[in-house]
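Residues per chain are reported as follows:
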Amino acid sequence: MKKTILITGWTGYIGSHAVVAFEQAGYTTVIVDNLSNSSEQVLSKIGKILGYIPDFHKADICDTKALDEVFSKHGFDGVIHFAGLKAVGESCEKPFLYYGNNILGSINLFEAMVRYKVRRIVFSSSATVYSSDNTLPLTESSKLGTTNPYGTSKLVIENVLQDLSLHASLQALPLRYFNPIGAHPSGHIGEKPNGVPNNLLPYILDVALWKREKVRVFWDDYPTIDGTGVRDYIDVNDLVDAHIAAYRKLEEISGDTNGSFTPVNIGTGRGTSVLEMIRMTEEATGKKVAFEKVGRRSWDLAEVYAWVDFAKEFLGWESEKTVKEGIESGWKFISGV
Ligand code: NAD
Ligand code: UD1
């Protein structure tokens, strides 16, 4: 029989790709989102890819009654938890919004899981849980530490999951994403943030589309290849495959009555600079991408990339797509070409 899993935050960028991937991998998904950073239109796009629309609940994970209704209707095998706010700058301006939405919302979700005896969870964590005081590449045992409320919300949620693995038998697999880019090959779903994009590639693509005048490069003459920030850009299609590999790993250890907590880096192990991203986008789109040099953001780091051997060893997963492919699929989605 098909297993039913709950996907929170599914109308969002990564969650929408995950719904498609899990449905295509043979799972039944039940999906929950409050549409705070997404739109119900994603439903019809997912419908175009799958040929049907999964069971959708408009619900807020901060609403315990709504969560209880969802859990009481379905016998979940496990949860893939994407729901959350993700803008670092906004989190510095509105820390309590982030603590409330991300941390309290997650605690409500975990409380419902424990009450309904659902033990498996894959959680969207982030490379932001690593301290800036580390040598590269970042490994799962690199020093932890955060500098902004968004990052703190991710680290606190990881800590809560670790407690619950010890004291409520949860089997938790936090995936620490590096920088997701790209879109579904169909061009139907991709990254479409409400308002001005915070992340680099959506902003660059908007400039290539003439929707914005120039990219503001947060430049600080870093000791990198060209003085701009270097990041590990992971294709969203590879990223959702990592979730399937993680969920299968949890199924493998299901006979175990003990809980578990195993964070895993999800990246490519390679870094790309902001100027390289701009140049690759120009090549992929044939459009000029204007940019200007502005100062760094308070939380920016010079260089961040992952050590990926543990993901290979533990999940049997590794990234396959190139940054160029991520830019091309992102462009197909955003431009409709
Ligand atoms: P997104 O904003 O596109 O998707 C998040 C979804 O969660 C949105 O659809 C939003 O409406 C929903 N949501 C927010 N709060 C909710 C609540 N209280 N109840 C129900 N739904 C709620 O973001 P994304 O890029 O798809 O990211 C998904 C997850 O991955 C997030 O937890 C994010 O922090 C994490 N993450 C993202 C990145 C990245 O760069 N995109 C990197 C590392 C980690
Ligand atoms: C940050 C968070 C990460 C979070 C992600 C999503 C940290 C250390 N990292 O990643 O955990 O998941 O945001 O919101 O907190 N850049 C520009 N101009 C722009 C936008 C970005 O030059 O308009 C540069 C940045 O300085 C950086 C690179 O592009 O060097 C990538 O930036 P961004 O996409 O915002 O991701 P991070 O800052 O790496």
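A word on the overall build of the protein
Helices and strands together make up the secondary structure of the protein, namely eleven helices and 14 strands. The C-alpha atoms of the protein give a radius of gyration of 19 Å, which matches the 20 Å a tight globule of 337 residues would have. Projected onto its principal axes, the C-alpha positions of the protein cover 55 × 45 × 40 Å. Scored against the burial criterion, the 337 residues of the protein give a buried share of 55%. A sequence separation of at least 24 residues applies to 81% of the contacts in the protein between residues at least 6 apart. Surface exposure of the protein reaches about 14800 Å², of which carbon and sulfur atoms provide 50%. In the protein, 35 positive and 41 negative side-chain charges are present, and the distance between their average locations comes to 4 Å.

Some words on the confidence of the model for the protein
Overall, the predicted model of the protein reaches an average pLDDT of 96, with 99% of residues at or above 70. Mean pLDDT across the secondary structure elements of the protein bottoms out at strand 3 (residues 55-58), with 92, and peaks at strand 12 (residues 264-266), with 99.

Things to note about helix 8 (residues 236-252)
The end-to-end C-alpha distance of helix 8, which contains 17 residues, comes to 24 Å, matching closely the 24 Å that a straight helix rising 1.5 Å per residue would cover. Most of helix 8 sits inside the fold, with 14 of its 17 residues counted as buried. Between the side-chain oxygen at the start of helix 8 and the backbone nitrogen of Asn237 there is a gap of 2.8 Å, and the oxygen is on Asp235.

Here's the deal with the site of ligand 1
In the vicinity of ligand 1 there are 27 residues, among which Asp33, Asn37, Ser38, Tyr150 and Lys154 approach most closely. Within the side chain of Asn37, one N or O atom sits 2.6 Å away from an oxygen atom of ligand 1. Elements with a minimum of two residues in the shell around ligand 1: helix 1 (13-24), strand 5 (120-126) and helix 6 (149-167). Sort the elements by how many residues they give to the shell around ligand 1 and strand 5 lands first, with three residues. Considering only residue class, the shell around ligand 1 consists of eleven nonpolar, twelve polar and four charged.

A word on the nonpolar core
Membership of the largest hydrophobic core comes to 41 residues, with the highest contact counts inside it found for Trp10, Phe22, Leu175, Ile266 and Leu315. Of all elements in the fold, only strand 1 (4-8), helix 1, helix 2 (41-50), strand 6 (171-177), helix 8, strand 12 and helix 10 (309-315) reach the threshold of two or more residues within this core. With nine residues, helix 8 is the single largest residue contributor to this core. With near-sequence residues (within four places) excluded, Phe22 lies in contact with Ile5, Ile7, Tyr27, Thr29, Ile80, His243, Ile244 and Tyr247. Core analysis: the second largest hydrophobic core is formed by 26 residues, Phe76, Ala112, Ile121 and Phe123 among them.

Notes on the environment of Tyr222
Here Tyr222 shows up in the loop between strand 8 (215-218) and strand 9 (230-231). For Tyr222, a relative accessible area of 9% gives the class buried. Taking the C-alpha atoms as reference points, Tyr222 and Ala302, 80 residues apart in sequence, are found 5.6 Å from one another. A polar side-chain atom of Tyr222 sits 3.4 Å from a polar atom in the side chain of Arg296.

Some points on the site of ligand 2
In the vicinity of ligand 2, 20 residues are found, and the nearest of them are Ser126, Arg216, Phe218, Arg231 and Arg297. Take Asn179: an N or O atom from its side chain is 3.0 Å from an oxygen atom of ligand 2. Contact distances for ligand 2 include 3.0 Å between an oxygen atom and a side-chain N or O atom of Asp300. Protein contact buries 91% of the 750 Å² of open area that ligand 2 shows by itself. Here the residues of the shell around ligand 2 sort into eight nonpolar, seven polar and five charged.

Points about the pairing of strand 2 (residues 28-33)
Along strand 2, five of the six residues are buried, which leaves the element largely enclosed by surrounding structure. In this sheet, strand 2 lies alongside strand 1 in parallel orientation, the contact comprising five bridges. Following the sheet pairing, Thr8 is matched in strand 2 by Val32. After leaving strand 1, the chain enters helix 1 and then returns to the sheet as strand 2, a path that is right-handed. When strand 2 meets strand 3, the two strands line up parallel, connected through four bridges. Residue pairing for strand 3: Val32 is matched across the bridge by His57. Note on the crossover from strand 2 through helix 2 to strand 3: the handedness is right-handed.

Quick notes on the rules
- Residues numbered from 1 in each chain as written.
- Chains lettered and ligands numbered in written order.
- Predicted model: local features only at pLDDT ≥ 70, side-chain atom pairs only at ≥ 80, totals over all residues.
- Heavy atoms only, no water.
- Helix = DSSP H or I, 4+ residues; strand = E, 2+ residues; numbered from the N terminus.
- Rg over C-alpha atoms; globule rule 2.2 N^0.38 Å.
- Buried < 20%, exposed > 50% of the residue type's maximum accessible area, 1.4 Å probe, protein only.
- Contact = heavy atoms within 4.5 Å.
- Areas by Shrake-Rupley, 256 points an atom, 1.4 Å probe, with all protein chains shown as cover.
- Lys, Arg positive; Asp, Glu negative; His and termini not counted.
- Charge placed at Lys NZ, Arg CZ, Asp CG, Glu CD.
- pLDDT = per-residue confidence, 0-100.
- Expected span 1.5 Å × (residues − 1).
- Polar contact = N/O pair within 3.5 Å; in protein donor to acceptor, adjacent residues only side chain to side chain.
- Near = heavy atom within 4 Å.
- Nonpolar A, V, L, I, M, F, W, Y, C, P; charged D, E, K, R; others polar.
- Core = buried A, V, L, I, M, F, W, Y, C linked by side-chain atoms within 4.5 Å.
- Pairing = 2+ DSSP bridges.
- Right-handed = clockwise from strand over helix to strand, strands pointing away.

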